[in-house]
Amino acid sequence: MTDRNDDLFDTARTVIPGGVNSPVRAYGSVGGTPRFLASARGARVTDAAGTEYIDLVASWGPALLGHAHPEVVQAVQEAAARGLSFGAPTEGEVELAQLITDRVRHGDVRPVERVRLVSTGTEATMTAIRLARGATGRDLLVKFSGHYHGHSDGLLAAAGSGVATLALPGSAGVPAPIAAQTLVIDYNDPEALAAVFAEHGQRIAAVIVEAASANMGVVAPQTGFNRLIAETAHAHGALMILDEVLTGFRVHPAGFWGLQQQAGEEYQPDIITFGKVVGGGMPLAALGGRAEIMDLLAPVGPVYQAGTLSGNPLSVAAGLATLRLATPEVYAAIDAAADRLAASLDAALTDAGVVHAVPRAGNLFGVAFLPEAPRDYAQAQRQESFRYAPFFHAMREQGVALPPSVFEAWFLTAAHGEEELAAIEAALPAAASAAASAA
């Protein structure tokens, strides 16, 4: 007997490629039928069959405060009543840009002086790369294997055969000459970084890097690595693009960059991209940087970028409300919850005899079926990932919704209280046992 989710998935596959509008939603790596969500509130989501789950996906990060926070919903409703879209500047855009520049600072250091609002993280990173090329007059881009920066052609590049070789297309439909403008190297590898600049330094426009990797599982930068990227790029006349689409305002009031500055690791990126939390769950993203770089964007500069829905008033309202409510107390509560659940996850897997690590980057964490946390994509790929599917389904059967891939981060929200945390902890032993029995 099928439930409403099965019926919807069957119908979806007749009209939507794969039945989903973003690939990971298809449960390809865990199997089974994806849950079609009907509603969400606080720390919980409800699917089309009426089943409720404690949610550890949080819309892939944006739901920092919890789903459908009353003040965020009210802000969006009030904005909608004034008009859905204008195609003209609004006061809210100015307020949000000011709020971003005010938050991303450490002492007197302010890497973001100007902000351009766009609609998606892909658009933000694509624009950042175009801007870096316009600023330097160079074409080549360096990215790291396993890092995801959206689905524009030049970023869907797979590593070539050597450290400093030009990349190959990582997706059908990406022309080889476009992929060849990207150099893909191993993450957390200072030697690879030095080698690629030694070979191509005068042609490299920028290095783009996730502030902390969360698309090959959670893989934090080694101490000093982000600073080394900035120093190496700047020594060769290139720029550093720090991709905080996922981590920005998620792990600290000033993003992962702010967390690192607080820890004493000082460096200054040239362009930072933001998404997810900055739009409060609505379609909105941004890029920001120093005035002399950002002012190269049209209409004042020669680097063109435009968008009918850029700075959409509903998205801006959600972003403003979310960031204003994201107080230090909110981050402290999420950090404490992450500490607690990461420790409980570690204990449950240890008790079940499962080889594992619980990698962390601020309040982001996840599981890796390896004896130690991976430091790059190759290590992440070597884990016993087959253990995750039974773990995932055991948690879901007990009412906890995890990301449907071992290569994704787990997200907590300010709405995860004692009841939710205790329920997650209670579900972990059975899930760990399922992972131990996997073959």
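Residues numbered from 1 in each chain as written. Predicted model: local features only at pLDDT ≥ 70, side-chain atom pairs only at ≥ 80, totals over all residues. Heavy atoms only, no water.

Side note on the pairing of strand E1 (residues 37–41)
Across the five residues that make up E1, only a small minority, zero, are buried. By the bridge criterion, four bridges tie E1 to strand E2 (residues 44–47) in an arrangement that is antiparallel. Residue pairing across strands places Arg41 opposite Arg44, the latter belonging to E2. Counted along the chain from E1 to the antiparallel partner E2, the turn is two residues long, and its residue Gly42 has a positive phi close to 65°. (Buried < 20%, exposed > 50% of the residue type's maximum accessible area, 1.4 Å probe, protein only. Helix = DSSP H or I, 4+ residues; strand = E, 2+ residues; numbered from the N terminus. Pairing = 2+ DSSP bridges.)

Quick look at the packing of aromatic side chains
According to the stated counting rule, one finds 10 aromatic pairs in the structure shown. Seen from their ring centres, Tyr187 and Phe225 are 5.7 Å apart, and the 85° between their planes marks the pair as edge-to-face. Placement of the pair is Tyr187 in the loop between strand E8 (182–185) and helix H6 (190–200) and Phe225 in helix H7 (residues 225–235), with a sequence separation of 38 residues. The exposure class of Tyr187 is buried, given its relative accessible area of 1%. Assessed through its relative accessible area of 3%, Phe225 is described here as buried. Arranged with centres 5.5 Å apart and planes meeting at 55°, the rings of Phe365 and Trp410 form a pair that is tilted. Highlighted residues: Phe365 in strand E14 (residues 364–365) and Trp410 in the loop between strand E15 (400–401) and helix H14 (418–437), separated in sequence by 45 residues. Trp410 matches Phe365 in its accessibility class, with the two residues each being buried. Against the face of Phe9 rests Arg13, its NZ or CZ located 4.1 Å from the ring centre. (Phe/Tyr/Trp six-rings, centres within 6.5 Å; stacked < 30°, edge-to-face > 60°. Lys NZ or Arg CZ within 6 Å of the ring centre and 35° of its normal.)

Notes on the sheet that holds strand E12 (residues 285–289)
Taking strand neighbours across the sheet as the criterion, the seven strands line up as E4-E12-E11-E10-E9-E5-E8 in an open arrangement whose pairing is mixed. Because the sheet does not close on itself, it has two edges, and the strands there are strand E4 (114–118) and E8. Sheet twist, expressed as the mean angle between neighbouring strand axes with direction ignored, is 20°. Bridging between strand E5 (residues 140–144) and E8 involves four bridges; their strand directions are parallel. Across the sheet, residue Leu141 finds its bridge partner in E8, namely Thr182. (Axes fitted to C-alpha atoms, helices over the stretch in contact; angles between N-to-C directions.)

Section: the layout of surface pockets
Roughly 700 Å³ of volume is contained in the second largest pocket. Lining the second largest pocket we find 31 residues, and of these Glu93, Val115, Arg116, Leu117 and Pro299 sit closest to its centre. Counting residues per element, the ones that place at least two in the lining of the second largest pocket are helix H3 (91–103) and E4. Residue classes in the lining of the second largest pocket are distributed as 16 nonpolar, 10 polar and five charged. (1 Å grid on protein atoms, 1.4 Å probe; cavity = no way out; pocket = protein on both sides within 12 Å on 5 of 7 lines; lining within 4 Å. Points joined across faces, edges and corners; volume = space filled by probe spheres on them. Nonpolar A, V, L, I, M, F, W, Y, C, P; charged D, E, K, R; others polar.)

With respect to empty space enclosed by the protein
One way to see where empty space is left: roll a probe the size of a water molecule over the atoms. In total, this model carries one cavity of 30 Å³ or more according to the counting rule given. Size it by volume and the largest cavity reaches roughly 40 Å³. Taken together, Met216, Gly217, Val218, Val219, Pro359, Val367, Ala368, Pro374, Ala380, Gln383 and Val406 make up the full set of residues lining the largest cavity. A breakdown of the residues in the lining of the largest cavity according to their chemical character gives nine nonpolar, two polar and no charged.

Structural notes on the sheet that holds E15
Reading across the sheet, the four strands line up as E1-E2-E3-E15 and stay open at both edges, with mixed pairing between neighbours. Only two strands of the sheet have a single partner each, and these edge strands are E1 and E15. For strand E3 (residues 52–55) and E15, the ladder comprises two bridges, and the chain directions are parallel. Paired with Asp55 across the bridge in E15 is Ala401. Here H14 sits on the sheet in contact with E2, E3 and E15, set at roughly 95° to E3. (Contact = heavy atoms within 4.5 Å.)

Here we look at the nonpolar core
Membership of the largest hydrophobic core comes to 103 residues, with the highest contact counts inside it found for Ile100, Tyr388 and Phe391. Counting residues per element, this core draws most heavily on helix H11 (residues 328–351), which supplies 10 residues. Sequence-distant contacts of Phe391, defined by excluding residues within four places in its chain, comprise Leu345, Leu349, Leu402, Trp410, Leu428, Ala431, Ala432, Ala434 and Ala435. Val118, Ala124, Leu131 and Leu287 belong to the second largest nonpolar core, which has 19 residues in total. (Core = buried A, V, L, I, M, F, W, Y, C linked by side-chain atoms within 4.5 Å.)

A few points about the pattern of salt bridges
Within this structure, the stated rule accounts for 16 salt bridges. Here Arg44 and Glu419 are joined by a salt bridge, their closest N and O atoms 3.4 Å apart. Of the two residues, Arg44 sits in strand E2 while Glu419 sits in helix H14, which places them 375 residues apart along the sequence. Glu231 is paired through a salt bridge with Arg227; the nearest N and O atoms lie 4.0 Å apart. In this pair, Glu231 and Arg227 both sit in helix H7, four residues apart, roughly one turn of the helix. Note on Glu231: relative accessible area 46%, which makes it partly exposed. (Salt bridge = Lys/Arg side-chain N within 4 Å of Asp/Glu carboxyl O.)

Let's talk about the environment of Thr232
By the element assignment, Thr232 lies in helix H7. A relative accessible area of 14% means that Thr232 is categorised as buried. Sequence separation between Thr232 and Ser310 is 78 residues; the distance between their C-alpha atoms is 33 Å. In this structure Thr232 touches Leu193 and Phe197, once residues within four positions along its chain are discounted. A polar contact is formed between the side chain of Thr232 and the backbone oxygen of Leu228, at a distance of 2.8 Å. (Polar contact = N/O pair within 3.5 Å; in protein donor to acceptor, adjacent residues only side chain to side chain.)

Coordinates in, geometry out; function isn't part of it.
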